[in-house]
Amino acid sequence: MARNHKKPGGVKEFIRKTKVSLKRKPQMIPLIVLGIAFLFYSLNLTHISDTTAKIQLGGMGLSGFCTMLFSLLSFVCFLNAYPHRKKTNIPMLVMMFVMLGVLLYCDTHYLSCITRALNRPENPIAIDATTAYITTARDVLNVHRIIIALGAGLTLLVPVMRKLFKKMNTSLEVEENGNMQDIILSED
């Protein structure tokens, strides 16, 4: 007769497996945050492009281009900084932080262009229903900067997270066998 082995499943098992994967690769947390930043910027790129076309100040198009380029390149550097079963590649990690710094600079430059266009003495751009995308672009850039800074901070905290995750208990709970003593004695 087949025994009914109870396999753990459901939400508890999903949480346990997630903890185990984070215990092995805590660098996935900042990678996911940086992925969210890239997706957020990419999905709102229409507002950025429309703002660039409306304002047309120097460096706005280049800032948008650099943001997309360095977002992708920072992923490549991040993945190469944490190779599988090897030590952290410090030069790649440094390059990634340089690229994240460039991202923050590009966002800040773009925001300053928006501010200059809205507050210039001659022919300032007025925000109305037809130019509401400028406000959206400004909000997108502010949120993007926050997410990038959060991703950089979490990347710096990977060694700390690794130590904290190692302290987590991720083992499966096994039902206690009451006659274990009898089994041990019978083997002698």
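Rules of the game
- Residues numbered from 1 in each chain as written.
- Predicted model: local features only at pLDDT ≥ 70, side-chain atom pairs only at ≥ 80, totals over all residues.
- Heavy atoms only, no water.
- Helix = DSSP H or I, 4+ residues; strand = E, 2+ residues; numbered from the N terminus.
- Buried < 20%, exposed > 50% of the residue type's maximum accessible area, 1.4 Å probe, protein only.
- Contact = heavy atoms within 4.5 Å.
- Arc of directions from axis to C-beta.
- Phe/Tyr/Trp six-rings, centres within 6.5 Å; stacked < 30°, edge-to-face > 60°.

Participant: Lay out the environment of S63 with the relevant residues and their values.
Facilitator: Residue position: S63 is located in helix α4 (residues 60-81). The class for S63 is buried, based on a relative accessible area of 6%. Sequence separation of S63 and L103 is 40 residues, and the distance between their C-alpha atoms is 8.4 Å. Once residues lying within four places of it in the same chain are set aside, the contact partners of S63 are C106, H109 and Y110.

Participant: With reference to specific residues and values, describe helix α3 (residues 45-55).
Facilitator: Looking only at α3, the buried set comprises I48, T51, T52 and I55. Projected onto a plane normal to the axis of α3, the buried residues spread over an arc of 100° and lie on a single side. If you follow the buried residues of α3, they end up packed against α2 (28-43), α4, α5 (90-119) and α6 (132-156). One or two residues past the end of α3 sits Q56, with phi positive at roughly 55°.

Participant: Outline the packing of aromatic side chains, supporting the account with residue identities and numerical values.
Facilitator: Applying the stated criterion across every chain, the model contains 2 aromatic pairs. Ring centres of F38 and F75 lie 5.8 Å apart, and the angle between their planes is 85°; on these two criteria the pair is classed as edge-to-face. Taken together, the residues F38 in helix α2 and F75 in helix α4 connect sequence positions 37 residues apart. Taking the centre distance of 5.2 Å and the plane angle of 50° together, the rings of F78 and Y82 count as tilted. Residue F78 shares its accessibility class with Y82, and that shared class is buried.

Don't take any of this as a statement about function, it's just geometry.
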